[in-house]
Amino acid sequence: MKSILLTRLLHWRQQAWSLLFWLVLPMLATCIFITTADNWQQDTKIPIGLVVEDDSQMAIQLVEAINEHALFAVSNLETEQALIQLEQHQLDSVFVIEEGYQEHIKSNRRNQLITAYVSDMSLAYTPVKEAVASHIQRDAGSSKAAHTIMQLPGQYGVERDWSWDEIVTTSDQIRERESLLHSSFSFYNQQTKQEKESAPPSVWNVWGIWASIAVLTTFFLFDWVVKEQRPSMKQRLSLLKISFKSYLVRNGLIYLAVLFVADLVNSGLLLFYFQQSIQFDHLFAMISFRITISMLAFLFALRFRTPFFYYVAALSLTILLGLIGGALVPIDGLTIMLPWISYLSPITAFLNGQVLSSLFVVLLSIFCVWYWRKERTYA
Amino acid sequence: MLKVESLTKQYGSKQVLADVSFQVNPGDIVGLVGENGAGKSTLLTILATLIQPEQGMITYHDLAYKTDQRKLRQKIGYVPQNIAIWEEFSVEENMVFFEQLSWGKKSREQLRQLCLDMKLDQWKEKAQSLSGGMKRKLNLAISLIHEPELLLLDEPTVGIDLKSRKEIGTYLQQLAKQQGKTIIYTSHDMEEIISLCDYVYCIGNDPFYKELLKEKGQHIHVL
């Protein structure tokens, strides 16, 4: 093994920068991709103007809800200023929360609560309007429920009066406390993972992106298999102290070890950069993921004689694995129809924290068959 | 002594070698000639233990090809037709790389001397910047690191200048006559074959080679 390591170092000495580039690429590309995508997403928020003419509690809550919307860039303005910006197409649309908003809601008048202004360039008006209307709908529903509750003591002869404000405030508190939209339900005796309390820092899956790029870099780093099995070199290497297969496997193990160290460093830096946490069992999933994709790249490279065709095929396969792994785009609909799809990508297994995936077992079996298969040559 | 008996090899339905038998004594330089596709390279790769024949028996001294492959590989030096070196390595790095994986251990000084014996003196030069002749010499030198007894050379001088060709020829003669190495050599250059080889085996039944060698007064054996 020492000899193999020394000979590999001779190769790496020639390719030091290229090797370093491919080893840090998953981490670098993930950081760049997610930061750029998040910035881009920030830039592509819909600019809307909000004019608040009512200072009631309900109006303030509505403003907060609109301000917190992930896809809106809200400017709180005066009507005149807002309309000028709308004319200049700096804003997509303008919403004015009219004076007496809460009073109108309270008295169950649902007209003229909000006035909206649009221009001929208000491309996102319809979805924005729907989003704003949904908040108003919630307030109106809450008010209607309060009126119904206020009538209950009279109907049932109970001597207890609740005010409209008390009921609405309590219902808001209950809604926030129970957080019904984020509650997870489970069957009896089945444990489910606790949902994270804090919202994810990015809409992109950091580990999904990292895993997809790690697959690509592994393919590109394993191009040595293609280069070193060119016929003349294969003949030469076959006559050495160790068999050609053994030469390939030992070099593969060296690559595996180096890549795993790079994974640990990359992961550490990603955890630090994205302020994420990792569980101990994910480390085992990462080891399994690394072995799986290295075996895949190794066995895949064995089938090629020309580096160019290998690179093209590797790139295509990486995109395919990224897509069916659900790392790049959600494929829930597809996996419901074709559940076996998820077994084909090592990325799915890694993201699910699986240590022993079906793909790992299949690749290991193929590897064993290849290694112990009797060749028609002496080599 | 290398002894080949009733050797048969075919690729699919194409018969490449049919009932080939011959023997080579230690210290002999034997030429293999024949038209393209006659089976010269196939024969050499079989003798190098790289592919298996369908039928036949090969022995080298008391070692049988079927059972003693590992021991045989220690005694065989094979020079492939296409140059098999690392282009991005220097001459030194190429020699060190193959020495590390070779059957025999040699110091850097010994490796350098081996190159110098073949008039390859660009020790620190990158292989990609060497001339065709120098690359061929390096290709040969790598095969000699473990001091093989049986040297199989598949067109080792193809495409190189006359001077380098002469230097390689002289070196091979030294190996055979002074160190008793057995050399089997394929080439399309009849002048080279005649000047270098003790005798010639012609693979295939092409009368062209027989006539040509007869004209030159070279004894020829048809396989």
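Residues numbered from 1 in each chain as written. Chains lettered and ligands numbered in written order. Predicted model: local features only at pLDDT ≥ 70, side-chain atom pairs only at ≥ 80, totals over all residues. Heavy atoms only, no water.

S.K.: I'd like a rundown of the domain arrangement of chain A, residues and numbers included.
M.R.: Split into domains, chain A comes out as domain 1 (2–38 + 205–372) and domain 2 (45–179). On a C-alpha basis, the centroid separation for the pair domain 1 of chain A and domain 2 of chain A is 51 Å. (Domains from an automatic or database assignment.)

S.K.: Describe empty space enclosed by the protein, and please don't skip the residues or the numbers.
M.R.: All names here are of chain B. Using the criterion set out here, one finds three cavities of 30 Å³ or more in the structure. At the level of secondary structure, the elements contributing two or more residues to the lining of the largest cavity comprise strand 6 (76–79) and helix 5 (132–143). Counting residues per element, the lining of the largest cavity draws most heavily on strand 6, at three residues. Considering only residue class, the lining of the largest cavity consists of eight nonpolar, four polar and one charged. (1 Å grid on protein atoms, 1.4 Å probe; cavity = no way out; pocket = protein on both sides within 12 Å on 5 of 7 lines; lining within 4 Å. Points joined across faces, edges and corners; volume = space filled by probe spheres on them. Helix = DSSP H or I, 4+ residues; strand = E, 2+ residues; numbered from the N terminus. Nonpolar A, V, L, I, M, F, W, Y, C, P; charged D, E, K, R; others polar.)

S.K.: Describe the sheet that holds strand 4 (residues 55–60) of chain B, naming the residues involved and giving the relevant values.
M.R.: All names here are of chain B. Pairing is antiparallel in the open sheet, where four strands are placed in the order 2-1-4-5. If you trace the sheet from one side to the other, it starts and ends with strand 2 (14–24) and strand 5 (63–64), each paired once. Bridge count between strand 4 and strand 5: two bridges; the pairing is antiparallel. In the sheet register, Thr 59 faces strand 5, and the bridge partner there is Ala 64. Where helix 1 (residues 40–47) meets the sheet, it contacts strand 1 (2–11), strand 2 and strand 4, and its direction lies at approximately 120 degrees from that of strand 1. (Pairing = 2+ DSSP bridges. Contact = heavy atoms within 4.5 Å. Axes fitted to C-alpha atoms, helices over the stretch in contact; angles between N-to-C directions.)

S.K.: Please set out a negative patch on the surface residue by residue, giving values where relevant.
M.R.: Residue and element names in this part refer to chain A. A contiguous patch of negative charge on the surface is contributed by Glu 53, Asp 55, Glu 78 and Glu 99. The topology assignment puts Glu 99 in the loop between strand 3 (93–97) and helix 5 (101–106). Residue Glu 99 is classed as exposed on the basis of its relative accessible area, which comes to 62%. (Patch = residues over 30% accessible without salt bridge, like charges linked within 9 Å, V, L, I, M, F, W, Y side chains within 5 Å. Areas by Shrake-Rupley, 256 points an atom, 1.4 Å probe, with all protein chains shown as cover. Salt bridge = Lys/Arg side-chain N within 4 Å of Asp/Glu carboxyl O. Lys, Arg positive; Asp, Glu negative; His and termini not counted. Charge placed at Lys NZ, Arg CZ, Asp CG, Glu CD. Buried < 20%, exposed > 50% of the residue type's maximum accessible area, 1.4 Å probe, protein only.)

S.K.: Tell me what's going on with a nonpolar patch on the surface, and back it up with residues and numbers.
M.R.: Together, Leu 334, Met 337, Leu 338, Trp 340, Tyr 343 and Leu 344 of chain A give the surface a local cluster of nonpolar side chains, amounting to about 630 Å² of exposed area. The topology assignment puts Trp 340 of chain A in the loop between helix 14 (332–337) and helix 15 (346–351).

S.K.: Hey, could you go over the pattern of salt bridges for me, with residue numbers and the actual values?
M.R.: Following the criterion strictly, the structure yields 17 salt bridges over all chains and no others. With a shortest N-O distance of 3.6 Å, Asp 139 of chain A and Arg 138 of chain A are connected by a salt bridge. Residue Asp 139 of chain A is classed as buried on the basis of its relative accessible area, which comes to 3%. Under the relative-accessibility criterion, Arg 138 of chain A is labelled partly exposed at 29%. Across the pair Lys 137 of chain B and Glu 167 of chain B runs a salt bridge, and its minimum N-O distance is 2.2 Å. Pair noted here: Lys 137 of chain B is in helix 5 and Glu 167 of chain B is in helix 6 (residues 162–179), with a separation of 30 residues, a long-range link. Here Lys 137 of chain B matches Glu 167 of chain B in class, with each residue buried. Taken together, the salt bridges that share partners define one network made up of Glu 92, Arg 108 and Lys 124 of chain B.

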